[in-house]
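Letter by letter, the chains look like this.
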Amino acid sequence: MDRKEKMKTDNTIKKFLNKKSFLKHRLNKEVLEEGIAYIPCYVQNMEDIICKYSIRDCVSLNSEFSDYITDFIECIPTKYPIVLEIYGSKFTEDQKKIIVDTITSDGDYELGKIIQENRHHRLVFGEMVIGTVISGILLALIGKYLDDIPQEFFYVLFWLFADSFVRYIFIERGDYRDQRIGAGRIASIKVEFIEDEDNSLCLSQQ
């Protein structure tokens, strides 16, 4: 790569690094309205929402539909309550109940998994604290009284425990909080059904 090509590449990279996001503008324009976040979603039948492998009394969401909601929620500030607007087909009252109940139960299920995983992480965290303290004590004793014992293994052990301890405090706890809030928002989401008999709002029909 000659000098001119390298300068061109550097300028391109700098352009990408300086590119600004207009996420807030888009949210204010398309999603947020009078203190409420509206998530619009167009569906043509139940299979767009409910997993086609579901049976009555054992129903789950279509993964693509679930990902769509989750991606939206991750961008919406937590202070806004969320309303999911389902446009498209006319659903019976029974179908509407199934959809609302499934969205709520899937959120509850995800929340339960997150809480269970955090219990495990807290148990590991407790073990890391004990391990950090014990290995630190051993290092101090070896350095002071047992000079003939190699310290390298205990240094590695100490930093291993300390690294896990710090990672949980500063990273995993924050991730857990965000995941729990996200699942809780899905479980408490309000659903509204808006019929579109002539498919005028369906992008794929335009």
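Above this text is the structure in question.
Attention here is on the structure that accompanies the text. Everything numeric here is computed off the predicted structure, so don't read it as measured data.

Parameters and conventions
Residues numbered from 1 in each chain as written. Predicted model: local features only at pLDDT ≥ 70, side-chain atom pairs only at ≥ 80, totals over all residues. Heavy atoms only, no water. Pairing = 2+ DSSP bridges. Helix = DSSP H or I, 4+ residues; strand = E, 2+ residues; numbered from the N terminus. Contact = heavy atoms within 4.5 Å. Axes fitted to C-alpha atoms, helices over the stretch in contact; angles between N-to-C directions. Salt bridge = Lys/Arg side-chain N within 4 Å of Asp/Glu carboxyl O. Buried < 20%, exposed > 50% of the residue type's maximum accessible area, 1.4 Å probe, protein only.

## A few points about the sheet that holds strand E4 (residues 190–195)
Strand order in the open sheet formed by four strands is E1-E2-E3-E4, and the pairing between neighbours is mixed. With partners counted over all chains shown, the strands left at the sheet margins are strand E1 (32–33) and E4, one partner each. In this sheet, strand E3 (residues 82–88) lies alongside strand E2 (residues 36–43) in parallel orientation, the contact comprising seven bridges. Note on E3: the bridge partner recorded for tyrosine 38 is valine 83. The sheet strands contacting helix H3 (residues 63–75) are E2 and E3, and the helix crosses E2 at an angle near 155 degrees.

## With respect to the pattern of salt bridges
Taken as a whole, this structure holds five salt bridges when the rule is applied. Linking lysine 113 and glutamate 110 is a salt bridge whose minimum nitrogen-to-oxygen distance equals 3.7 Å. Of this pair, lysine 113 and glutamate 110 both sit in helix H4 (residues 93–145), three residues apart, which is roughly one turn of the helix. Here glutamate 110 falls in the partly exposed class, since its relative accessible area comes to 35%. Measuring nitrogen to oxygen at the nearest pair gives 3.9 Å for the salt bridge that ties glutamate 192 to lysine 190. Take glutamate 192: its relative accessible area is 28%, and that puts it in the partly exposed class.

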